[in-house]
Amino acid sequence: MHPRFRTVPAALGALLLLGAAGCGDSDPGKGGKLQMGIAVANISLNFAHEMVLGAQSAASHAGDVDFKAVGPPNTDGPAEVQLFQNLTARAKDGIVLENLDPPIFTRPAAQAVDRGIPVVALDTSPTDGSKVGFYVGNDNYALGELMAKEALKRLGDDPKGEVAIGVPNPGTPVLDNRAKGISDTFAKEAPDVKIVGPFQTYSDPGQNYSSWSAQVNAHPKALAFLGVGDADSYNLAKIKKAEHGTWLTAGFDVDPKTLDAVADGSNFVTIDPQHFLKGYLSTAMLIEAVREKDGKLPDGWFLSPGGIVDSSNVAGIIARQKSAKAAYDWYKPTIDKLLGDQEAQLKPLKDAR
């Protein structure tokens, strides 16, 4: 369907080779060639692939940035910590850090900052002791609200029954906030709907499928099954097709299989956190800070938008996903707007959700 995005590990392997060789051939900016990188929680899954593509794109456009991407092949916090620490020896001019287990990164991030390495938190807000004061991420609670409201549009007036919620990695603020946004919206707008969960659904696609299969069997009369992660989306669609289910299914992110599920009507929506955009913004602002502001990053939470993908716009999103260039072209007006007025997007770090 979309070969570049079907083979995520292979594509990322090529990107890593590109990162090792350096990005861009432009004239040097202030300070000459920069050594930078990004660490992600799971380099095999689409959400991380998107962030890496965005970060690589920003580094390439800036020019004279030797940029390296690292991340474990499966969600493994301690393995990512080791990769991040290894990256600090190379990427001395700055690192973008995305992870799904903030507490275990508190000390490694603080050590990097103490060594004078600017660190930008991406997608998961930093812990208090990490010494990282700049975060680029969504309002995940609002994205959860968005999913719930889209479901309610399709459930009719005064729905009654169960809605099951799944979270791949409970305890990860990004994911927990999405689930809370869903739960709170149903409680407010559909009090006769009983929320069951959130259940742990796991990041690993195989474990995720098994977890959701168990929940579908346990709640055969549920109105909807809603996940807040990457694998949730396409596995719920797969189960719905296999079971000939009439319940609603949806999740997050824009894995090609997820977009196919929206296009064929299996999933009513997917919520797009626009990971490419976040990867681009975080890296562009990191480079700007180092080249123009003596490494001084902004303070606070830089709010990056998300959106709904449904039958009305899925074809355009599929086209966007065909290449990094197509993604950049699609996002360019938003990138220009957000980078052109950064203060408008800055909020207190304590308000991140």
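Not measured: the values here are computed from a predicted model. (Residues numbered from 1 in each chain as written. Predicted model: local features only at pLDDT ≥ 70, side-chain atom pairs only at ≥ 80, totals over all residues. Heavy atoms only, no water.)

Participant: Describe in detail the packing of helix α9 (residues 230–243) against helix α10 (residues 256–263), supporting the description with residues and values.
Facilitator: One can describe the packing of α9 onto α10 by two numbers: an axis separation of 8 Å at closest approach and a directional angle of 45 degrees. One finds that α9 runs oblique with respect to α10. At the point where α9 passes α10, the crossing takes the left-handed sense. Here Asp 230, Ser 233, Tyr 234 and Ala 237 of α9 lie close against α10, whose contacting residues are Lys 257, Thr 258 and Ala 261. Here the contact of α9 with α10 is built from residues that sort into three nonpolar, two polar and two charged. (Axes fitted to C-alpha atoms, helices over the stretch in contact; angles between N-to-C directions. Helix = DSSP H or I, 4+ residues; strand = E, 2+ residues; numbered from the N terminus. Parallel < 35°, antiparallel > 145°, perpendicular 65-115°, else oblique. Left-handed = near helix turned anticlockwise from the far one by under 90°. Contact = heavy atoms within 4.5 Å. Nonpolar A, V, L, I, M, F, W, Y, C, P; charged D, E, K, R; others polar.)

Participant: Outline the packing of aromatic side chains, supporting the account with residue identities and numerical values.
Facilitator: Going through the model one piece at a time under the given rule, you end up with six aromatic pairs. Between the aromatic rings of Trp 212 and Phe 225, the centroid separation amounts to 6.2 Å while the plane-to-plane angle is 85 degrees, which identifies the pairing as edge-to-face. Note that Trp 212 is positioned in helix α8 (residues 205–218) and Phe 225 in strand β8 (residues 224–227), a separation of 13 residues in sequence. The exposure class assigned to Trp 212 is buried, which follows from its relative accessible area of 0%. Geometry around Tyr 209 places Lys 238 over its ring, the cationic atom sitting 5.1 Å from the centre. The ring of Tyr 234 has Lys 257 lying over it, and the distance from NZ or CZ to the ring centre is 4.1 Å. (Phe/Tyr/Trp six-rings, centres within 6.5 Å; stacked < 30°, edge-to-face > 60°. Buried < 20%, exposed > 50% of the residue type's maximum accessible area, 1.4 Å probe, protein only. Lys NZ or Arg CZ within 6 Å of the ring centre and 35° of its normal.)

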